[in-house]
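# Fold and contact review
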Amino acid sequence: MSIEPTTLPVRSGEDVVKVRQAVRTLAMDLGFSLVDQTKVITAASELARNTLTYGGGGECRIERLNQGPKRAGVRLTFEDRGPGITNLDLALTDGYTTGNGLGLGLNGARKLSHEFDIWSQPGVGTRVTITRWK
Amino acid sequence: MNRLASRLPAMVEQYQQEILTEWVKLQLEAGTWRAGRLQESQLRDESQRFLTLLVNNIQKGVQFDTRSAQWADIRDFLAELSRSRATQGFSPSQVATFVFSLKQPIFARLRANLLDEPEVLADASWETTLLLDSMGLYTTEVYQQARESVIARQQEELIELSTPVVELWPGILALPLIGTLDSERTQVVMETLLERLVATGSSIAVIDITGVPTVDTLVAQHLLKTVSAAQLMGADCIISGIRPQIAQTIVHLGIDLSAVATKASLSDAFALALKRRGLSVISSSAARG
């Protein structure tokens, strides 16, 4: 039940900004409250940066979900063909990072979303899908 | 090829005057020189100088190499021409046409003189094409570099302009941040703030993030680094402009900002800063009474 899915590249810092802007436009269009907009944009920002920093770049698919008049939502899928994550539980632990960030982004994105799905295979890549309803 | 390479230089030198006259005539007829603010006399002068340089250099070899010392004066001439024409409003292709248009008069001379030796003619033509093509492309390259350096400078200026540090009160600085806070900008922000802290002898800095649309973990990390650096220098930091939606997001992300004083608005932060400095604002009527 989704219309106009768009796929954006995530290859540079500017691309992360573009993903944020696209998500903002869609969330505003769907009538998300300011708080909900900010949450989904921030989650998108975290995941896009992870795709770039840890996945070596990839892409982001943005979908508009419409399930009935009252159930509108945004679904975002971030996919990369990077090194993958060996220990998902550890990666989702607050404060754990293999880079030099705060180690809060991935789990933060989960907490900012209604639905969160992560698939990763070492050596193949990582795919994270989040959904936030209005 | 050596035999052939020796024919082109001699030919160009011998018919230098004829080639120049015809070249200038062609350029004037084509009219592209009028696209910018170029004087006819300047066009004549530049054409003459270029051809003279070409004649002098071509004796030593016909392969244009921008890095070799042999072509240094031609390279400098072309670079200067490209830059000046860029500022005069010419397009890159119009600049390159200056060089390319020299082909026709040279070909004409070659054809007139080497008609009996078709092989020599073909090779000399090929040499001419290679030589002038690489020179024409070089002008385009310089043109593009000039443009890029302008863009790079503007970007740098933008970064600096977008991070002003203002003094709210003696000893109290404010740093209003607007836009995306990436690593590069944070570096500039941090440096500017630390410099101004020293220059003004301030002890309190208010970092206002009202204009930062998204505060994610990276932005938070950058803010915390800036705050720690300021604290190391003995200054207190207050972060202001934490709107309700930002506050909720920060909590969800699990970012710990408890080490820093935070306020919703810049005026709240200013009031706190004044208080810490032992200052207070009172209404003038109350003071008189």
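Everything below is about the structure shown above.
Please read all numbers here as calculations on a predicted model, not as lab measurements.

Conventions used here
Residues numbered from 1 in each chain as written. Chains lettered and ligands numbered in written order. Predicted model: local features only at pLDDT ≥ 70, side-chain atom pairs only at ≥ 80, totals over all residues. Helix = DSSP H or I, 4+ residues; strand = E, 2+ residues; numbered from the N terminus. Buried ≥ 20, exposed ≤ 12 C-beta atoms within 10 Å, placed from the backbone. Contact = placed C-beta atoms within 7 Å. Core = buried A, V, L, I, M, F, W, Y, C linked by C-beta atoms within 7 Å. Arc of directions from axis to C-beta.

### Examining the overall build of chain A
Tallying secondary structure elements over chain A gives four helices and five strands in all. A buried classification covers 37% of the 134 residues belonging to chain A.

### Quick word on the overall build of chain B
Counting secondary structure elements, chain B contains 13 helices and five strands. Evaluated residue by residue, chain B yields a buried proportion of 32% over its 289 residues. Taking the intrachain contacts of chain B between residues at least 6 apart in sequence as the baseline, contacts between residues at least 24 apart amount to 75%.

### Some details on the nonpolar core
Residue and element names in this part refer to chain B. Residues Leu 175, Ala 205, Val 206 and Ile 207 are the most contacted members of the largest nonpolar core, which totals 35 residues. The element contributing the most residues to this core is helix 10 (residues 217-232), with six residues. Ranked by size, the runner-up nonpolar core spans 31 residues in total, among them Ala 96, Ile 106, Leu 110 and Val 142.

### Describing helix 12 (residues 266-276) of chain B
An α-helical turn contains 3.6 residues, so a residue and the one three or four places further along point in the same direction. Residue and element names in this part refer to chain B. Buried within helix 12 we find Ala 269, Phe 270 and Ala 273. Down the axis, helix 12 shows its buried residues gathered within 100° of arc, on one side only. When the buried face of helix 12 is taken as reference, the exposed residues oriented beyond 90 degrees from it are Ser 267 and Lys 275. Taken from the residues just after helix 12, Gly 278 is the one with a positive phi, measuring 75°.

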